[in-house]
Amino acid sequence: MSVRVRFAPSPTGPLHIGGVRTALYNYLFAKKHQGDFILRIEDTDQNRFVPGAEQYIIESLKWMGIEPNEGVGFGEGTHAPYRQSDRKGMYRQYAEQLLHRGLAYYAFDTESDLEYLKNTFPNFKYDAVTRMHGKNSITLSEQEVAQRLAKNEPYVIRIKIPEDETIRFTDEIRGNVMVQTTQMDDKVLLKSDGMPTYHLANVCDDYIMKITHVIRGEEWLPSAPLHVLLYRFLGWEDAMPKFAHLPLLLKPDGNGKLSKRDGDRLGFPVFPLEWKDPVSQEISSGYKQRGYLPEAVLNMLAFLGWNPGTEQEIFTKEELIQAFSLDNIHKAGAKFDFEKAKWFNAEYIKHTSNERLATLVKNIVEEKFGVQEDANLTQAMALIKERMVFINDVENFGYIFKATEKYDSANLEKVNKIKDTLNLDSLEQSLLHAPENASDLEAYLKTYVTEQTLKMGDFMKFLRVSLVGELSGPAIPDLMLLFGKTESIQRIKNCYSQL
RNA sequence: GGCCCGUUCGUCUAGGGGUUAGGACAGGAGAUUUUCAUUCUUCAAACAGGGGUUCGAUUCCCCUACGGGCUACCA
């Protein structure tokens, strides 16, 4: 049987990196086994619907390069529709099936009824004991139930949890898990608005869509026994998918699961793309806009909770697919580490071709420093990419794209000494005949220093300040070759004139 | 509170009955680089605690502590 997995977010806001990692693991697992990866949108709660969230999820997956081959936004496959609100009609029959077989029941309890029960029973949960105190089709006469139904009284359908059984299942990451049904409660399956709850919809859809492995966050572990029971009640036990509950992504500081708030509080993005809240208009930063490379984020995320068991850390997506296995997923939650994320990005930038970097950087550079020639931009990348952590760091190298006009006086002071010994005309003549490759040019400059009996340190510092306006930066010969002779000489003259 | 899951350097982790407990990030020191960055070398840094089982436990079992999750007509 071929592997089919799904990523099933609800469109209640932007997808955060915890969700992205869940999607990634599903993707890697599917690709590893030549299976299908499905995107299903779980929008059964209309109250929490956020406009734009679904589109955001789709775009984020695209940017990350973890594209589903079936599902909302990715070409509907054989099991369309993939949005639960569009599947609303099909859930009721399953709830009713359970109803007829005595495995579920109608409950008419109002909000205040429930409130009363909560106050009456300590640690209240709707279960074998307390349901006898509720207004439901177990306590009410058949006639009354029929009447209430006829009057269109609001009701929910609840699962009838067996009184005292042990539910066991095997989690692919945690091993055997068992829970007593006495600890479970009669969860609502179908809400009074006719929508299924997560539990019902999820189980039905996974079954119908022939999902073989449910790979999801650990927050679902407590309700997994309910899902197991649902498969059994629905008669689908043989087709029940395997479960793998992933460790959570935790806040970098303190405790708790990583939340949408943490990013802005701690100064790192928790979202793949920038998100503007449609109500508050509040903007949350995204990895893309902050200058991350998607493959770096992918690599970084893959290692939060999983490890190949070797010492290799930089993995292409293909390598990740080859190496990925549920067996190597850690059980404990992982604190998100911003420093490591930066390191991954810097590594990826260093190993990205100058051509590609140039295209990524082009808009930023041109917006800030004016139009650039592509060839020039590409060449510039070679000089600065090992000094960049983020794509946006290109902003720090404005001197490459635009000559300094007014030099910083403090820096000028540090190279002032050259004024007495340097012959500007001879330097210009010499540079006009300089060789066109870095190592020859370097030797050429050294020879010039010797011939002119200049001090190497003073001369080099002066050249550096002339070229970039600062005392640190890329190698001088590289800069001169990048700028070309005319531009280099012009910068030197300009600087000299301000000494 | 109840239930479930977890616990190896500060962080991400490897390992697994007998190891100098390995790697990476971050941190320290040094080398290279005319500078900065890169790169390289190097240092420091961990098996939560207590009981068992065992010739031997960081590894297996139990308890405690701590952390996390769930406990909605939210997912």
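Residues numbered from 1 in each chain as written. Chains lettered and ligands numbered in written order. Predicted model: local features only at pLDDT ≥ 70, side-chain atom pairs only at ≥ 80, totals over all residues. Heavy atoms only, no water.

Along the backbone of chain A there are 21 helices and 14 strands. By the compact-globule yardstick of 23 Å for 499 residues, chain A is too spread out, its C-alpha radius of gyration being 32 Å. For the C-alpha atoms alone, the extent of chain A along its principal axes is close to 110 × 45 × 40 Å. The burial tally for chain A puts 51% of its 499 residues in the buried class. Carbon and sulfur atoms form 48% of the exposed surface of chain A, whose accessible area is close to 23,500 Å². Taken as two groups, the 60 positive and 70 negative side-chain charges of chain A have centres that lie 2 Å from each other. (Helix = DSSP H or I, 4+ residues; strand = E, 2+ residues; numbered from the N terminus. Rg over C-alpha atoms; globule rule 2.2 N^0.38 Å. Buried < 20%, exposed > 50% of the residue type's maximum accessible area, 1.4 Å probe, protein only. Areas by Shrake-Rupley, 256 points an atom, 1.4 Å probe, with all protein chains shown as cover. Lys, Arg positive; Asp, Glu negative; His and termini not counted. Charge placed at Lys NZ, Arg CZ, Asp CG, Glu CD.)

A word on the confidence of the model for chain A. On average, residues of chain A carry a pLDDT of 94, and 100% of them reach 70 or more. In the predicted complex, the global pTM is 0.95; the interface-specific ipTM is 0.95. (pLDDT = per-residue confidence, 0-100.)

Moving on, we come to the packing of aromatic side chains. Describing an aromatic ring pair means giving the distance of the ring centres and the angle of the ring planes. Using the criterion set out here, one finds 27 aromatic pairs in the structure. Measuring from ring centre to ring centre gives 5.3 Å for Tyr56 and Trp275, while their planes differ by 85 degrees; the resulting arrangement is edge-to-face. Residue Tyr56 is located in helix α2 (residues 53–64), and its partner Trp275 is located in strand β12 (residues 275–276); the two are separated by 219 residues in the primary sequence. Of the two residues, Tyr56 and Trp275, both sit in the buried class. Pairing Tyr106 with Tyr155 gives two aromatic rings, centres 5.0 Å apart and planes at 90 degrees, and the pair type is edge-to-face. (Phe/Tyr/Trp six-rings, centres within 6.5 Å; stacked < 30°, edge-to-face > 60°.)

Most of the time, phi is negative for any residue but glycine, and the peptide bond is trans. A cis amide bond links Ala80 to the next residue, Pro81, at an omega of -5 degrees. Tracing the backbone shows Pro81 in the loop between β3 (70–71) and α3 (92–100). Its identity as a non-glycine residue notwithstanding, Asn152 has a phi of 60 degrees, on the positive side. Inspection of the secondary structure assignment puts Asn152 in the loop between α5 (142–150) and β5 (156–159). A relative accessible area of 66% means that Asn152 is categorised as exposed. Even without glycine at this site, Lys210 takes up a positive phi of about 55 degrees. Assignment of secondary structure puts Lys210 in the loop between α6 (198–208) and β9 (213–217). Judged by its relative accessible area of 53%, Lys210 is exposed.

We now examine α2. Look at α2: 16 Å from first C-alpha to last across 12 residues, which is about the 16 Å you get at 1.5 Å a residue. Where burial is concerned, most of α2 is hidden: 9 out of the 12 residues are buried. Listed in full, the buried residues belonging to α2 are Ala53, Glu54, Tyr56, Ile57, Ile58, Ser60, Leu61, Trp63 and Met64. Against β1 (4–7), α1 (17–32), β2 (36–39), β12 and α9 (294–302) lie the buried residues of α2. One or two positions beyond α2, positive phi appears at Gly65, with a value near 75 degrees. (Expected span 1.5 Å × (residues − 1). Contact = heavy atoms within 4.5 Å.)

Along its sequence, chain A is organised into domain 1 (354–401) and domain 2 (409–497). Each of domain 1 and domain 2 has a C-alpha centre, and the two are 23 Å apart. The interface of domain 1 with domain 2 comprises 7 residues on the first partner and 12 residues on the second. For the pairing of domain 1 and domain 2, the buried interface totals around 820 Å² over both sides, and the portion due to carbon and sulfur atoms is 63%. (Domains from an automatic or database assignment. Buried area = accessible area lost by both parts, 1.4 Å probe.)

Grouped together as the largest cluster of nonpolar side chains are 154 residues, with contacts concentrated most on Ile400, Leu422, Phe459 and Phe462. Each of domain 1 (354–401) and domain 2 (409–497) contributes no fewer than three residues to this core. Sequence-distant contacts of Ile400, defined by excluding residues within four places in its chain, comprise Ala380, Ile384, Leu479, Leu482, Phe483 and Arg491. In this structure, Tyr105, Phe124, Val156 and Val188 belong to the second largest nonpolar core, which totals 7 residues. (Core = buried A, V, L, I, M, F, W, Y, C linked by side-chain atoms within 4.5 Å.)

What follows deals with the packing of α1 against α9. Where α1 meets α9, the axes come as close as 10 Å, and the angle between the chain directions of the two elements is 85 degrees. Between α1 and α9, the angle falls in the class roughly perpendicular. When α1 is examined against α9, the residues Ile17, Val20, Arg21, Leu24 and Tyr25 are found in contact with a partner set consisting of Leu298, Leu301 and Ala302. By residue class, the composition of the contact of α1 with α9 is 7 nonpolar, no polar and 1 charged. (Axes fitted to C-alpha atoms, helices over the stretch in contact; angles between N-to-C directions. Parallel < 35°, antiparallel > 145°, perpendicular 65-115°, else oblique. Nonpolar A, V, L, I, M, F, W, Y, C, P; charged D, E, K, R; others polar.)

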